[in-house]
Structures are given as structure tokens and as C-alpha cells.
Amino acid sequence: MRGEGADGPVVVKKPGNAGGAKRPDNPAEETGQPMMGGAGVRGKPYNIPKQLVWRAYREVKANHGAAGVDGQSLAAFEENLEGNLYKIWNRMASGSYLPPPVRLVEIPKGNGDTRALGIPTVADRIAQMVVKMVLEPLVEPVFHRDSYGYRPHRSALRAVGETRKRCWQFDWVIDLDIRAFFDSLEHNLVERAVAWHTDNPWVRLYIGRWLRAPVMRPDGTTQARSRGTPQGGVISPLLANLFLHYGFDAWMERNYPELRFERYADDSIVHCRDHRQAQTVLKAIGERFAQCGLELHPTKTRIVYCKDDRRRGKHEWVSFDFLGYTFRPRPAKSRWGKCFIGFLPAMSGKASKAVRTTIRQWRIAGSRSHQSLEELARLVNPSVRGWLNYYGRFYRSRCIQVLQRAFKQALTAWARRKFKRLRGRKYASLCWLERIERRDPKLFVLWELAVQPQGWIIGAG
């Protein structure tokens with residue numbers, strides 16, 4: 001048996017449960033978890049239950065994720081699961097856990113820029129999850145009702161729905177864009193906010209270490225950080241929400257209690273009654289963010305007029321994007337069958353482009369001509385269901401239109417590549433697709449919706 005300070009598992013024999021209810025001698029037998037040397041914390045400065053480390057591992061496993069700077073995947077981590085979990089617990093309970101550098105990955109954005117994404121190691125994600133599971137119950141009840149990002153029982157679709165309803169009530173919107181938010185967080189302000197909610201010494205210790213953990217660039221060089229938190233870390237969204245709760249949500253509640261807003265992480269929409277009020281509020285928000293070390297993007301932040309049949313004024317901006325949806329004037333039909341123009345959300349152009357890019361990356365025609373239609377359906381149907389469930393929640397016809405056009409092109413190209421008699425014959429391949437749909441209408445999700453291949457455009461976009 002190894003000592004408490006060793007980085008290896010300790011197997012502890014517990015006495016049986018004499019008398020009483022029949023329970024396993026080892027609690028791990030109930031949960032399926034490794035023993036990890038029992039639940040004691042003898043001789044450790046910090047009382048971190050081993051059960052908490054096990055629960056954190058289960059959460060990280062459910063979320064999957066890529067390898068960090070050590071190149072260790074989740075599967076490789078599980079090859080010595082008991083020993084690796086013990087190392088995390090032992091070092092965290094001893095106060096000696098030091099986060100490794102975060103692997104920096106550049107993710108392309110729709111406008112040609114890139115977004116820096118930080119990928120911690122598997123072990124570091126588990127350690128961060130341990131702290132998150134302790135801190136989140138303390139701060140979650142304090143968060144504002146109109147904060148939706150990365151919170152239990154809240155979702156982006158709920159934020160979109162609330163924005164849709166309030167755009168009917170308020171004539172003007174401030175579309176806020178914070179420049180490089182995750183790279184600009186002031187560490188001392190984050191730590192002050194954490195300290196306000198907990199005096200737990202190891203929670204505060206490790207949050208400080210994660211904030212200052214270096215990043216490793218693709219060329220292998222490391223860079224120290226004096227501000228910001230990696231976008232992609234387990235603890236980062238919670239810290240961002242806590243920062244913006246005091247930097248924006250609570251400030252808005254104090255200074256503009258009559259206004260409404262929706263915030264999802266660093267994306268925010270503020271509703272105003274008139275243009276003059278929107279200008280005043282936008283100026284005040286800019287000054288508030290400057291106090292917090294943040295800056296509004298000068299070109300992406302804008303005031304938008306919610307134009308529709310009732311509001312027929314003119315303004316430079318009459319649309320905005322929020323969480324994959326574009327809000328703008330659109331034709332609609334009331335429950336009584338009357339047509340009108342409403343200010344409504346629908347699948348955005350950026351989201352449509354991302355969907356088409358994903359479909360092209362499947363290379364259905366280029367490298368899957370040896371597969372059957374049934375195999376293609378198993379490939380595409382899960383993604384199509386997901387797109388329909390999210391982008392089809394509001395103004396569904398726009399989402400269906402995008403998917404129809406993309407899949408018509410992909411499937412007819414696949415047919416022309418697979419069957420010699422269809423090569424070079426676009427119309428013939430479309431007719432062939434119509435026959436397949438009539439023969440097997442439940443093969444593809446779009447066909448299950450009773451959408452005919454020849455009726456590719458449904459509703460207004």
C-alpha cells in the first residue's frame with residue numbers, strides 16, 4: 001500500500017455491514033467507480049472528497065472533447081483510470097496541483113477572422129469540473145433571470161424566444177458585441193467576484209492558477225497570460241457568467257430596471273422604447289464596460305429598428321443576428337390566415353453557410369458513391385434532426401429551404417456519380433430522386449416531414 005502522498009491508488013479494506021440494511025462493503029460497487037483509496041482525506045490540507053473527483057470524471061466523459069498539450073485522449077486516460085483519478089485527487093487535496101499549459105487552436109469564423117479556443121488536458125478538465133461542481137451551486141441562484149448561457153435548465157432557444165417576444169413590445173434593440181471578451185477578463189475582478197461568493201480556499205486557489213495558466217501555440221511556444229480565460233475550458237463559462245453578472249446584468253438591473261435584455265455568455269441584446277433612449281443606454285453601457293476592462297466592438301455593436309407593419313419608420317439597421325438566428329422583417333400569417341410583415345427570427349445566413357459547409361465536408365458525391373442510400377441516411381439523419389430541432393424552432397420554412405437545396409444538390413450529384421445512366425443528366429437524377437422518395441418516404445428525415453423533392457422551396461425566407 002502506498003502512502004497518502006504518493007501518486008498511486010490506495011486500496012482500503014472496509015469492514016462488512018453487520019446487522020442493518022444490506023449494502024456493498026465498497027461504495028464503489030454501487031456507482032461503478034474505482035476505489036481510489038476510499039474517501040478519507042487524512043493529512044491533506046484541503047478536504048476534497050474522492051467521490052467528487054469521480055463525479056467530475058463522469059461529467060467530462062459525457063462531454064467528450066479533444067486531447068490537450070499532452071496528447072492524451074480520454075480513452076488513453078481510462079487505461080489507468082484509477083491511478084489517474086487518484087493523482088488528480090491527491091494533488092488537489094495537497095494543494096500541489098498545477099495546471100498544465102492550455103493547447104491553443106485557431107477556429108475560423110464566418111467573417112474570415114479566427115477565434116482562439118483553449119483545450120485543456122483530460123486531467124485538467126476533470127480538475128476544473130471538480131471546482132465547477134462546488135462553485136456553481138453557490139452562484140447559480142444569484143444569476144439574473146435573463147442570463148441564459150451555460151446554465152442548468154436554460155437554453156439558447158429560450159433566449160431566442162424571449163428576444164422574439166420582446167422585439168414585439170419594444171421598438172428598438174441594442175445589439176452588443178464585446179471585443180475579444182474571453183481574452184480581456186481582468187483576473188483580479190474575476191477573483192474578487194469568486195471571493196464574494198465563497199471563502200473555500202482551494203476553490204479560490206485553483207481558479208487563480210487556471211486564470212494564469214499559460215497557453216501553448218500550434219508552433220509549440222508557450223505564452224504567459226496576465227488577463228483573460230481560455231474559451232473552451234470547463235470553468236471558463238461559469239467565470240464569464242459571474243464576471244458579466246456584476247459587470248452587466250446587476251448593473252442593468254440597478255440603473256435601467258424598466259428595460260429588458262437577454263444575455264447568452266458574451267452575446268447580449270438590450271430592448272429600448274425609442275432611439276434616443278437606445279443611444280443613451282448604449283453610451284452608458286460602453287462606459288460601464290470600460291470600467292470593467294472591456295470594450296464594445298465599434299462596428300459590430302449597433303442600434304437596430306424593429307421594423308414591421310406597425311413600425312414603418314426608417315433606420316440604417318433593421319436586422320441583427322443572435323444565437324444563429326437573424327431577426328428582421330419577414331412575411332408571416334396570423335392564426336386567422338391574415339398575411340402581414342412581422343419582425344421575426346429565422347435561420348441566419350452564417351448558420352446556413354455553416355450547414356452547407358458541413359454537408360460538403362461529408363463528400364457525399366465525391367467519396368461515398370460506393371455506399372447505399374440507407375448508409376447515407378444513417379450518416380445525415382442525426383445531423384438533420386439536430387438542425388431542424390434548433391434552427392427549425394422559429395420560422396421553420398427557412399431552415400427547411402436551406403436543407404432542401406443542400407441535400408438536393410448532394411444527393412443528385414451522388415446519383416450521377418454512382419449510376420452511369422444518370423451521368424451528366426441533372427434533370428434525370430432529380431426525377432430518380434423523386435421516385436426513391438415515393439418508394440421509401442421515411443428514408444431521410446426531410447422525407448419524413450412529407451417534403452416532396454420537387455417542392456424544394458416552402459414558405460418565405
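Scroll up to find the structure.
Remember, predicted model here, so these are calculated numbers, not experimental data.

A. Molecular detail of the side chain of D175. Turning to its location among the elements, D175 is positioned in strand 3 (residues 172–177). For the buried residue D175, which engages in no salt bridge, the nearest side chain bearing the opposite charge is R302, 5.3 Å off. Residues contacting D175, with those up to four places away along its chain left out, are S268, I269, K300, T301, R302, F320 and D321.

B. Just helix 6 (residues 156–169), in detail. Taking 1.5 Å per residue as the helical rise, helix 6 with its 14 residues ought to reach 20 Å, and the 20 Å between its terminal C-alpha atoms agrees with that figure. Of the residues making up helix 6, those classed as buried are A156, L157, A159, V160, E162, T163, R166 and C167.

C. Local environment of the pairing of strand 11 (residues 339–347). The sheet contact formed by strand 10 (residues 325–333) and strand 11 spans nine bridges and is antiparallel. Following the sheet pairing, R328 is matched in strand 11 by L344. Taken together, strand 10 and the strand that follows it, strand 11, pair antiparallel across an intervening segment of five residues, in which G337 is found at a positive phi of about 90 degrees.

D. Highlighting unusual backbone geometry. Phi at Y150 is positive, roughly 55 degrees, even though this residue is not glycine. Looking at the secondary structure, you find Y150 in the loop between helix 5 (122–139) and helix 6. Despite not being glycine, Y395 shows a phi value in the positive range, around 50 degrees. Here Y395 lies in the loop between helix 14 (373–391) and helix 15 (396–418). Given a relative accessible area of 17%, Y395 falls into the buried group.

E. Molecular detail of the sheet that holds strand 5 (residues 222–223). Strand order in the open sheet made by the four strands is 2-1-4-5, with mixed pairing throughout. Of all the strands in the sheet, just strand 2 (114–119) and strand 5 have a single pairing partner and so form its edges.

Scoring rules and cut-offs
Position numbers for residues start from 1 in each chain and track the written sequence from start to end. At least 70 in pLDDT is required for a residue's local features to be given in this predicted model, at least 80 for side-chain atom pairs to be given and counted, and no such filter applies to totals for whole chains, interfaces and linings, which use all residues. Just so you know, side-chain values use all the structure's heavy atoms and leave hydrogens and water out. Helix and strand labels come from DSSP, where a helix needs a run of H or I of at least four residues and a strand needs a run of E of at least two; each type is numbered from the N terminus. Partly exposed describes any residue whose relative accessible area lies between the buried limit of under 20% and the exposed limit of over 50%, with all areas from a 1.4 Å probe on protein chains only and scaled to the type maximum. We treat Lys and Arg as the positive residues and Asp and Glu as the negative residues; His and chain ends play no part in the count. Note on definitions: salt bridges are taken to be side-chain nitrogens of Lys or Arg within 4 Å of carboxyl oxygens of Asp or Glu. By definition in these notes, contact holds between two residues if any of their heavy atoms fall within 4.5 Å. Every helix has an expected span of 1.5 Å times one less than the residues it contains. Note on pairing: DSSP must find at least two bridges between two strands before they are called paired.

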